[in-house]
Amino acid sequence: MLSKRVIPCLDVRNGRLTKGIKFEGNVDIGDPVESARRYYEEGADEIVFYDITASHEARGIFLDVVEKVASQIFIPFSVGGGINTVDDMRDVLVAGAEKVSVNSGAVKNPDIISEGAARFGSQCVVLGMDVKRVPVTEDIPSGYEIVIHGGRKYMGMDAIEWAKTGEALGAGEICLNSIDADGVKNGYDLELTRLVAEAVTIPVIASGGAGNPQHMVEAVTEGKATAALIASIVHYGEYTIPEIKKYMSEHGVQTRMVW
């Protein structure tokens, strides 16, 4: 059995670590480089880095911050935000990332997924999905809609169908973020996570809603995710990564305990 991964997420705005609730009210909470180093030393399995305003501001990602983080950690590093071309993907990989997360750019130009997979390998291409629960319609039969530009633009696309499309185009992994649960700390959207995990064969990272280690256990059992993304509970010092992994292990979830 493969170990379930615990992945801290660094949301970065203007080069600083930030956190909000439901994609709003973001506040500055520190240095992303220092945080990444600490999480690596504590035993994080991977680090995810998002430049959260790059797409909305129609600019490229802050590569200097990516380079600084990459120099401090020696675990897989996934980077997203403002990735619109294969050249953007290359720049992020050259800066030190192992994976590139495409989100808004892939919705607007799905070919970036297949082009990136062909050039760098599917293992480098993560499909980031920001999803909002909406009324069920003919266009959104699952009741979950894709939203881009940091939660600002609704696309009229069903999230489950987009996940299937992303896998077919060559994405090697999905990072699935519930906007409704983001930063609320009441638990992941297990229905959404399970629907996507059952619809695809590639790994699915649950994101949005972790308030305690039990929520992470639920994400990888009931939600069928292969990994759980965390932010607030470690950024604010409520739990350490060793504490989270110990709890998960004690509750029947295999995690990497040696580092």
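About the cut-offs
- Residues numbered from 1 in each chain as written.
- Predicted model: local features only at pLDDT ≥ 70, side-chain atom pairs only at ≥ 80, totals over all residues.
- Heavy atoms only, no water.
- Salt bridge = Lys/Arg side-chain N within 4 Å of Asp/Glu carboxyl O.
- Buried < 20%, exposed > 50% of the residue type's maximum accessible area, 1.4 Å probe, protein only.
- Helix = DSSP H or I, 4+ residues; strand = E, 2+ residues; numbered from the N terminus.
- Contact = heavy atoms within 4.5 Å.
- UniProt positions renumbered as here; feature names shortened; annotations may be inferred.
- Polar contact = N/O pair within 3.5 Å; in protein donor to acceptor, adjacent residues only side chain to side chain.
- Phe/Tyr/Trp six-rings, centres within 6.5 Å; stacked < 30°, edge-to-face > 60°.
- Core = buried A, V, L, I, M, F, W, Y, C linked by side-chain atoms within 4.5 Å.

### Some remarks on the pattern of salt bridges
Piece 1. In total, this model carries 18 salt bridges according to the counting rule given.
Piece 2. The shortest N-O distance in the salt bridge between Asp91 and Arg90 comes to 3.0 Å.
Piece 3. Among the residues examined, Asp91 registers a relative accessible area of 29% and is labelled partly exposed.
Piece 4. Given the relative accessible area of 32%, Arg90 is considered partly exposed.
Piece 5. Counted as one network, the salt bridges with shared partners bring together Arg5, Glu46, Lys99 and Glu173.

### Section: helix H8 (residues 213-220)
Piece 1. With respect to burial, H8 is a largely interior element, six of its eight residues being buried.
Piece 2. Looking only at H8, the buried set comprises Pro213, His215, Met216, Val217, Ala219 and Val220.
Piece 3. Close packing links the buried residues of H8 with strand E1 (5-13), helix H7 (190-199), strand E11 (204-207), strand E12 (227-230), helix H9 (232-235) and helix H10 (241-250).

### Quick word on the environment of Gly60
Piece 1. Here Gly60 shows up in the loop between strand E4 (47-51) and helix H2 (63-70).
Piece 2. Judged by relative accessible area, Gly60 falls into the partly exposed class, the value being 43%.
Piece 3. Considering only alpha carbons, one finds Gly60 and Asn26, 34 residues apart in sequence, at a separation of 20 Å.
Piece 4. Excluding residues that lie within four positions of it along the chain, Gly60 makes contacts with Asp51 and Ala54.

### Overview of the UniProt feature "active site" (unreviewed entry) in the chain
Piece 1. As annotated in UniProt, the feature "active site" (unreviewed entry) corresponds to Asp11 and Asp130 in the numbering used here. Across 120 residues in sequence, these annotated residues keep their C-alpha atoms within 13.7 Å of one another, forming a single compact spot.
Piece 2. On the secondary structure map, Asp11 appears in strand E1.
Piece 3. Take Asp11: its relative accessible area is 14%, and that puts it in the buried class.
Piece 4. For Asp11, the residues in contact, after removing those within four places along its chain, are Arg16, Leu17, Thr18, Tyr50 and Ile52.
Piece 5. Residue placement: Asp130 occurs in strand E7 (residues 125-133).
Piece 6. You can call Asp130 buried: its relative accessible area is 13%.
Piece 7. Within the local environment of Asp130, its side chain forms a polar contact with the side chain of Asn103, the two groups lying 3.2 Å apart.

### So, the packing of aromatic side chains
Piece 1. Tallied over the entire structure, the rule returns two aromatic pairs.
Piece 2. Ring plane angle 65 degrees and centroid distance 5.7 Å describe the contact between Tyr40 and Phe74, whose orientation is recorded as edge-to-face. Note that Tyr40 is positioned in helix H1 (residues 32-42) and Phe74 in the loop between H2 and strand E5 (77-80), a separation of 34 residues in sequence.
Piece 3. Judged by its relative accessible area of 23%, Tyr40 is partly exposed.
Piece 4. Seen in terms of ring centroids, Phe49 and Phe77 are 6.2 Å apart; in terms of plane orientation they differ by 90 degrees. Their pairing is edge-to-face.

### Here we look at the side chain of Thr193
Piece 1. Positionally, Thr193 belongs in helix H7.
Piece 2. For Thr193, the contacting residues outside a window of four places in its chain are Leu176, Ala206, Ala219, Gly223 and Ala225.

### Side note on the nonpolar core
Burial of nonpolar side chains together is a common tendency in soluble globular proteins.
Piece 1. Among the nonpolar cores identified, the biggest contains 72 residues, and Phe77, Met129, Ile174 and Met216 are the most heavily contacted of them.
Piece 2. Ignoring anything within four residues of it in the chain, the contact list for Ile174 reads Val126, Leu127, Met129, Ala163, Val196, Val200, Ile202, Pro203, Val204 and Ile205.
Piece 3. Counting residues in hydrophobic clusters, the runner-up holds nine residues, among them Cys9, Tyr50, Ile205 and Ala227.

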